[in-house]
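Okay, here's what each chain looks like letter by letter:
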Amino acid sequence: MTFAYNLVAYSISIGVLAAVIQVIDQFAVGKGGIGPFKAGGGWVSFQAWALLFLSGAFNAAEAGTYYWKGIIWTMISYALGICAAVAIFELAAIIGKTGFWAVPIALVIVCIPVLFLQLTSAPFNYVPALFCGAGVFFAGMSYFPSIPGSFKDGASKWSNYGQMAIGELFYCLLGGIAGVVTLWWASLEFVTKLN
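The structure presented is a predicted model; accordingly, all values stated were derived computationally and were not measured.

(A) Molecular detail of the nonpolar core. Membership of the largest hydrophobic core comes to 28 residues, with the highest contact counts inside it found for Phe-37, Val-44, Tyr-78, Phe-137, Met-141, Met-164 and Tyr-171. Of all elements in the fold, only helix H1 (2–30), helix H2 (42–54), helix H4 (69–94), helix H6 (127–143) and helix H7 (157–187) reach the threshold of two or more residues within this core. The greatest single-element share of this core, amounting to 8 residues, is contributed by H7. Non-local contacts of Met-141, meaning those with residues more than four positions away in its chain, are made with Phe-89, Phe-151, Asn-160, Tyr-161 and Met-164. Core analysis: the second largest hydrophobic core is formed by 8 residues, Ala-84, Ile-88, Ala-106 and Val-110 among them.

(B) Region of interest: the packing of aromatic side chains. Throughout the structure, instances matching the rule amount to 12 aromatic pairs. Each ring, one from Phe-46 and one from Trp-49, has its centre 6.0 Å from the other, and the planes form 25 degrees; the classification is stacked. Taken together, the residues span about one helical turn, with Phe-46 and Trp-49 both in helix H2 at a distance of 3 residues. According to the relative accessible area criterion, Trp-49 is buried, its value standing at 10%.

(C) Inspection of the pattern of salt bridges at higher detail. Applying the stated criterion across every chain yields a total of 1 salt bridge. Of the charged contacts, one joins Lys-157 and Glu-90 as a salt bridge, the two residues approaching to 3.0 Å between their closest N and O atoms. With a gap of 67 residues between them, Lys-157 in helix H7 and Glu-90 in helix H4 connect regions that are remote in the sequence. For Lys-157, a relative accessible area of 41% gives the class partly exposed. The buried category is assigned to Glu-90, whose relative accessible area is 19%.

Rules behind the numbers
Residues numbered from 1 in each chain as written. Predicted model: local features only at pLDDT ≥ 70, side-chain atom pairs only at ≥ 80, totals over all residues. Heavy atoms only, no water. Core = buried A, V, L, I, M, F, W, Y, C linked by side-chain atoms within 4.5 Å. Buried < 20%, exposed > 50% of the residue type's maximum accessible area, 1.4 Å probe, protein only. Helix = DSSP H or I, 4+ residues; strand = E, 2+ residues; numbered from the N terminus. Contact = heavy atoms within 4.5 Å. Phe/Tyr/Trp six-rings, centres within 6.5 Å; stacked < 30°, edge-to-face > 60°. Salt bridge = Lys/Arg side-chain N within 4 Å of Asp/Glu carboxyl O.

Read these as geometric descriptors, not functional statements.
Here is the structure:
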């Protein structure tokens, strides 16, 4: 019975945390959104929340080190992903005369040094989170420009990149905080009895 009670208590606390993210997201949308995320970016937070564990934060927590490192590592990975995505966009524009092949060729060229980051040490070697950060940026820059009002009127390409990066990193930070709170709750005695 104790196991079931502890599992219910832990599940409710995580559900409340997810609800808090949604409330913050809806509040941001009500105020006009963060960057081009006019319809919300909670999905980025939930993705980053999961990716915090890929960043090594869960293992760090088990080893008794600082939980907050996971936020920093995930934020750095997302920022590197944003840089990689911008590099792909810009390189594709330079080799645009190749037409259909511009983006595929740019992907090959940029992915090679990005994958070599696996040989570095934390916080730069969390390539799965980097790829997710790049994926969010690609999605936003592929779809937001077609939605009127997503970006400021008359803004430059670089300004749009910046708006997208700010919105993405805001939601990444929100998810990272949720991940750290999850790790903290998981360290509490009532939760450790679940294992």
